[in-house]
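What the coordinates show
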Amino acid sequence: MTGRFVSRGFLGRPRDTDADRAGRIPPGQYLTDGFPVLSAGPTPQIPLGQWAFTIEGLVRAPVRWSWEQFLALPARDWTVDISCVTKWTKLDTRWHGVSVDDLLAAVELDPRAQFVTAHSFGGYTTNLPLTDVVNNQAFVAYQYDSAPLEPAHGGPARLVVPHLYFWKSAKWVRGLRLIEEDEPGFWESLGYHNRGDPWREERYSGD
Amino acid sequence: MPSQLLEWKIATVAQIRDETSEVKSFSLLVPEWRTHRPGQHVDVRLSAPDGYQAQRSYSIASAPGPDGRVDLTVERIAEGEVSPYFHDVLVTGDEVEVRGPIGGYFVWEPAFGGPLLLIAGGSGVVPLMAILRERAAADVAASATLLYSSRNWDDVIYREELDRLATTDDRLRILHTLTRAQPPGWTGFARRIDRPMLEEALDGLGSQPLTYICGPTLLVEAAANGLVELGVDPGRIRTERFGPTS
Ligand SMILES: Cc1cc2nc3c(=O)[nH]c(=O)nc-3n(C[C@H](O)[C@H](O)[C@H](O)COP(=O)(O)OP(=O)(O)OC[C@H]3O[C@@H](n4cnc5c(N)ncnc54)[C@H](O)[C@@H]3O)c2cc1C
């Protein structure tokens, strides 16, 4: 069983004795002060004039915001802890953006809508149950640390779903599609877990 | 993909080799190992007596083989938690917990063909080495170029094996760039990866090589963006980053 095995001569870093901090690091994760970048391919360069965000699928009428229109939506600051499946966790990251609740408020949801697929410039997709993106659990951010979000970190805008592994926080996001039946996204079809809850260590398919 | 539990397995260290002063390779024997695809990695887990555990990912350096042997190549990161354990503690016969193989996108297999453009920075060469080893083992005809950035000549991982592969295969080109210092008489590149260097690497590979880039973020960004500017379809470029955080 797990936990029995002991690595000869391994003590590990001194434990973080600050109970609050220690209680915020999911199993198998380590704390980093940096902000690692991970993506499957080149960083798309998206001119703001060509940027748009849409909500479509199982909604009464789809909506589409240009960059200027998106910036005019009610936005707020978010301070959240994030965990990447590659094992790093970063505490108290500071973002500015629009709650997914406020985006969904602009459309009338078809009651059959149960899941969302986030779509990105460059073709990336990730799937989420609707229940994981509502109630102020998720937002679309366009600022990080009070500065415009860098392209390598997902700018102009990225989805942020802090309570799930960070691949769910689609970089370069360009829209949400509401669907009735779950469809695996990019990493979810390549062996990664369908939901990705760091507290349950849902890293890979089958975990 | 069928849902398959990736179990933790206890592997045995069969062999340890020095690659450079800061890099060692570890041959692990993993029981009931499912054959990997070049480019994939394993997760390694270390457990302390008090139950504390640390996990990290390491690319598989070896080509897939029948014998359950998996080679990892680990760079020693000063002040690191896991890589110094590999370097300073592990000896032949020790046991390490691993699970894998993991990763379904940054992979290559002979059926993908080429031409192949591989771009590495430092220990980012590890998964690309698995690709080159498999390409040689499977005798794949597709031409390939490795553009490999290191600080100094003595930091070049797999230096002799790369030399040997290149001299026995005229469809394989290896271009080194040394960014810190160069030995006397050096004729290779001596700067960070830039556009003219990428143009030279593309030479002979056509305009749309299947491209794999692995290294620190800045190198990956420079190489991937540069290739897109030179007209390579972003869909042909796969990236993996595991350098220092930024
Ligand atoms: C998919 C994947 C594949 C990987 N494959 C390999 C591989 O084949 N070989 C390999 O050596 N590593 C590989 N890595 C990196 C490896 O997982 C660890 O991050 C690395 O060994 C450092 O772990 P550590 O516990 O020693 O240091 P940590 O305790 O995690 O870090 C200590 C400090 O060093 C910094 N740091 C971390 N990594 C580096 C680095 N590379 N250079 C400089 N500073 C760094 C950290 O930001 C931190 O401040 C891979 C990572 C991923 C995600």
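Please refer to the structure higher up on the page.
Predicted, not measured: the structure shown is a model, and the values here were computed from it.

**Focus on the overall build of chain B**
Looking only at helices and strands, chain B features five helices and eleven strands. A globule of 246 residues ought to have a C-alpha radius of gyration of about 18 Å, and chain B, at 18 Å, matches this closely. In terms of overall dimensions, chain B has C-alpha extents of about 55 × 45 × 35 Å along its principal axes. Split into buried and exposed, the 246 residues of chain B put 53% on the buried side.

**A few points about the sheet that holds strand E8 (residues 144–150) of chain B**
All names here are of chain B. Ordered in space as E9-E8-E7-E10-E11, the five strands form an open sheet in which the pairing is parallel. Because the sheet does not close on itself, it has two edges, and the strands there are strand E9 (172–178) and strand E11 (237–241). This sheet shows a mean twist of 10 degrees between the axes of neighbouring strands, independent of strand direction. Across five bridges, the pairing between strand E7 (residues 116–121) and strand E10 (residues 210–215) is parallel.

**Let's talk about the interface of chain A and chain B**
At the junction of the two partners, chain A supplies 40 residues and chain B supplies 50 residues. For the pair chain A and chain B, the summed buried area comes to about 3,600 Å², and 52% of that belongs to carbon and sulfur atoms. There are four salt bridges connecting chain A and chain B. A salt bridge links Glu81 of chain B to Arg13 of chain A, with the shortest nitrogen-to-oxygen separation between them at 3.8 Å. Taken together, chain A and chain B are joined by 17 residue pairs in polar contact (both at pLDDT 80 or more). Its residues assigned to classes, the side of chain A that touches chain B comprises 17 nonpolar, 16 polar and seven charged.

**A look at the sheet that holds strand E2 (residues 52–57) of chain A**
Residues and elements named next belong to chain A. As summarised here, the arrangement of the five strands in space is E3-E2-E11-E6-E7, forming an open sheet in which the pairing is mixed. In this open sheet, the two edge strands, each paired with only one partner strand, are strand E3 (63–66) and strand E7 (125–129). Adjacent strand axes in the sheet meet at a mean angle of 15 degrees when their direction is disregarded. Pairing of strand E6 (residues 115–120) with strand E11 (residues 173–179) involves six bridges; the strand directions are antiparallel. Residue pairing for E11: Phe115 is matched across the bridge by Ile179.

What counts as what
- Residues numbered from 1 in each chain as written.
- Chains lettered and ligands numbered in written order.
- Predicted model: local features only at pLDDT ≥ 70, side-chain atom pairs only at ≥ 80, totals over all residues.
- Heavy atoms only, no water.
- Helix = DSSP H or I, 4+ residues; strand = E, 2+ residues; numbered from the N terminus.
- Rg over C-alpha atoms; globule rule 2.2 N^0.38 Å.
- Buried < 20%, exposed > 50% of the residue type's maximum accessible area, 1.4 Å probe, protein only.
- Pairing = 2+ DSSP bridges.
- Axes fitted to C-alpha atoms, helices over the stretch in contact; angles between N-to-C directions.
- Contact = heavy atoms within 4.5 Å.
- Buried area = accessible area lost by both parts, 1.4 Å probe.
- Salt bridge = Lys/Arg side-chain N within 4 Å of Asp/Glu carboxyl O.
- Polar contact = N/O pair within 3.5 Å; in protein donor to acceptor, adjacent residues only side chain to side chain.
- Nonpolar A, V, L, I, M, F, W, Y, C, P; charged D, E, K, R; others polar.

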